[in-house]
Amino acid sequence: MSARKRASATACSNIAFIKYWGKRDFDWNVPLNDSISMNLSAAVTTTTVEWDPELAQDEIYLEGERVLDERGLRISRYLDRIRNDWYRMGARVASVNSFPAGTGIASSASGFAALASAAIAAFQEDKPDEIEMTRWARRGSGSACRSIQSGFVEWTAGSNDEGSVSQQFCPPEHWDLTDLVVLVSRSPKLISSSQGHRIAVAHPFMEERQKLLPSRILALKGALAKRDFQTFGEIVEHEAMEVQAIMMSGQPSAFYMQPGTVALIHAVRSWREEGGLPVYFTLDAGPNMHVLCESRYAPEVRRCIEKLVPRAEILENRAGPGTTVHDEHLF
Ligand code: PMV
């Protein structure tokens, strides 16, 4: 019987400028459309995985606590995919986030990128190539594939598991952008993104959205390549509102915005339109605001946010690194 094998990995979460909302294949998380994101340097997950032949069942610790609920089951079911392919033994998994739990920051992207990378590195001496790692991360949680490479990343939808992969569009140093994530509410969301993806595919606007996306994606890539912040911001904000419209008018309706979100939307627009500050926003499947600006404006944008929301909890992110495998184990 082989010995225990252990590895650790650290991954950033990411924010999508063009969103993944709706799947073509629910088993393999193959999306309906391509998407583009930026890694979030301050929203990081570190995970250690140890495959242990003596373990009859997985032991999973999140933020130091053993979990036996749905979160643990999801991780075990994911590890089954790796076990089915290669290995039959239990795993000890520990995972911690750099950002507070239950704040609605997408921990599934950083979580599954780190889990996939640690679980596979612990098993294999030869690291699979980066593209193959994006497949493994995506099988855990779709958006996780965009956290494998650094900086600005494009996920090509593809039509099946093999073809659905992500690739770096430009490295972090290409453009010094900041995403100030304003934590608006800590209440758990009523409709998970897994449910949301199912509701979305039945939405009558979805067909039209799919027709509009290819030219929007091209325009966004052009703005990113040219560092044209105004064009970039207009596309990203419009995309966010389109996806929110689909979410809130679905059946059942997912209404993620809270009063604090709406106040910030109006404020960002007035800082821009009346104050001349180059700032835009995007939203995810949750109430938190992602306030986007070029980093040289970040101190001023931060002051504006703090004036509006005096005790605001803000997570300040630049374009972050890709997932790394390392030996700083959590146990
Ligand atoms: O990876 P999932 O299944 O949690 O879906 C995430 C979807 C959004 O965060 C709303 C958009 C995106 O592209 O990340």
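Details of the structure are given in the entry above.
These numbers were taken from a predicted model, which means no experiment stands behind them.

Chemist: Just checking my understanding: could you explain the overall build of the chain for this structure?
Modeler: When helices and strands are tallied, the chain shows eight helices and 14 strands. Relative to the compact-globule value of 20 Å for 331 residues, the chain shows a C-alpha radius of gyration of 20 Å, a close match. If you line up the chain on its principal axes, its C-alpha atoms span 70 × 40 × 40 Å. A burial count over the chain gives 55% of its 331 residues as buried.

Chemist: I tried to follow the packing of aromatic side chains on my own but got confused; where do I start?
Modeler: Scanning all chains against the criterion turns up seven aromatic pairs. Geometrically, the ring pair formed by W175 and F229 is edge-to-face, given 6.2 Å between the ring centres and 75° between the ring planes. Taken together, the residues W175 in the loop between β9 (165–170) and β10 (177–183) and F229 in helix α6 (residues 229–248) connect sequence positions 54 residues apart. Each member of the pair, W175 as well as F229, is classed as buried. Members of the aromatic cluster, each reached through a chain of ring pairs, are F17, W175, F229, F232 and Y280.

Chemist: When you look at the environment of C145 in this model, what are you seeing that I'm missing?
Modeler: Within the secondary structure, C145 is located in the loop between α3 (130–140) and β8 (152–156). Using a relative accessible area of 0% as the deciding quantity, one classes C145 as buried. Residue contacts for C145: discarding those within four places in its chain leaves T134, A137, R138, W155 and S166.

Reading guide: rules and limits
- Residues numbered from 1 in each chain as written.
- Predicted model: local features only at pLDDT ≥ 70, side-chain atom pairs only at ≥ 80, totals over all residues.
- Heavy atoms only, no water.
- Helix = DSSP H or I, 4+ residues; strand = E, 2+ residues; numbered from the N terminus.
- Rg over C-alpha atoms; globule rule 2.2 N^0.38 Å.
- Buried < 20%, exposed > 50% of the residue type's maximum accessible area, 1.4 Å probe, protein only.
- Phe/Tyr/Trp six-rings, centres within 6.5 Å; stacked < 30°, edge-to-face > 60°.
- Contact = heavy atoms within 4.5 Å.

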